[in-house]
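Remarks on the overall topology
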Amino acid sequence: PYARLSGAFHTGGGTAESAAKCTTHCIITYQIYILYSFYQKKGAIMELKIKPLSPKIGTDIPLPRFATAGAACMDLCACVDEAVTLNAGERRLVPTGIAIALPSPEYVALVCSRSGMGTRHGITLSNSVGVIDSDYRGEIVVALRNYAKEPYTVEPGERIAQMVITPVLTAEFLQVEKRQAFRVL
């Protein structure tokens, strides 16, 4: 169901060829809009397989979940035996105790910072956004960094990050000559 984008679109000065390319661009843009509109419809649900890697998952440590009906991301929790303290400026890998299996290469999982942790406590992801490819089956580990001047303690089961599943649009690349002028639409 995905439109594959190939080539590049160049516009010239009002020729029939440039008009055809512009029309092609509009059609592909429309197909992308339809794709995202389809997934935004109420009731469009993707099955995500989650494998607990710790016996605490589902009992002491909650499974990933959407906090509210309008949440775009699901919360990921720290799967640690005891509290972990991040000193000022320190980075640390915090396990979640889960692995996921995305259904196909058309999807990616993105792990993002929790805005409250960042704004209130200075705790964000050290790599900005974590990318979980469709073929990765290992444990999801969150790389946290303390940008604050004081230590922060992560408690077992604390929500430490959020994850969103989104479609991926792949590209086929068209190499152009160094001096060839082109314009991106």
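Structural notes on the pattern of salt bridges
Under the definition given, this model contains 4 salt bridges. Between aspartate 81 and lysine 56 there is a salt bridge; the shortest N-O distance is 2.5 Å. A residue pair is termed long-range when its members are at least 10 positions apart, and aspartate 81 in the loop between β3 (74-77) and β4 (84-86) and lysine 56 in the loop between β2 (49-52) and β3 qualify at 25 residues. For glutamate 90, the salt bridge goes to arginine 92, with nearest N and O atoms at 2.8 Å. In the salt-bridge network here, residues are joined through shared partners; they are Asp75, Arg114 and Arg159.

Section: the side chain of aspartate 75
For aspartate 75, the location among the structural elements is in strand β3. Here arginine 159 takes part through its side chain, which lies 3.2 Å from a polar atom of the side chain of aspartate 75. Setting aside residues up to four positions removed in sequence, aspartate 75 forms contacts with Pro64, Arg65, Ala67, Arg114, Arg159, Ala161 and Gln162.

With respect to empty space enclosed by the protein
A complete count under the given rule lists 1 cavity of 30 Å³ or more for this structure. In this structure, the largest cavity occupies an estimated 40 Å³ of space. In this structure, the largest cavity is lined by Pro62, Leu63, Pro64, Asp75, Leu76, Cys77, Thr96 and Ile98. Per element, the largest residue contribution to the lining of the largest cavity is 3 residues, and it comes from β3. For the lining of the largest cavity, the per-class residue count stands at 6 nonpolar, 1 polar and 1 charged.

Topic: the pairing of strand β10 (residues 141-146)
As defined by bridge partners, strand β5 (residues 91-95) adjoins β10 across 5 bridges and the pair is classed as antiparallel. Bridging across to β10, arginine 91 finds its partner in arginine 145.

Reading the values: the criteria
Residues numbered from 1 in each chain as written. Predicted model: local features only at pLDDT ≥ 70, side-chain atom pairs only at ≥ 80, totals over all residues. Heavy atoms only, no water. Salt bridge = Lys/Arg side-chain N within 4 Å of Asp/Glu carboxyl O. Helix = DSSP H or I, 4+ residues; strand = E, 2+ residues; numbered from the N terminus. Polar contact = N/O pair within 3.5 Å; in protein donor to acceptor, adjacent residues only side chain to side chain. Contact = heavy atoms within 4.5 Å. 1 Å grid on protein atoms, 1.4 Å probe; cavity = no way out; pocket = protein on both sides within 12 Å on 5 of 7 lines; lining within 4 Å. Points joined across faces, edges and corners; volume = space filled by probe spheres on them. Nonpolar A, V, L, I, M, F, W, Y, C, P; charged D, E, K, R; others polar. Pairing = 2+ DSSP bridges.

Keep in mind these values describe shape, not function.
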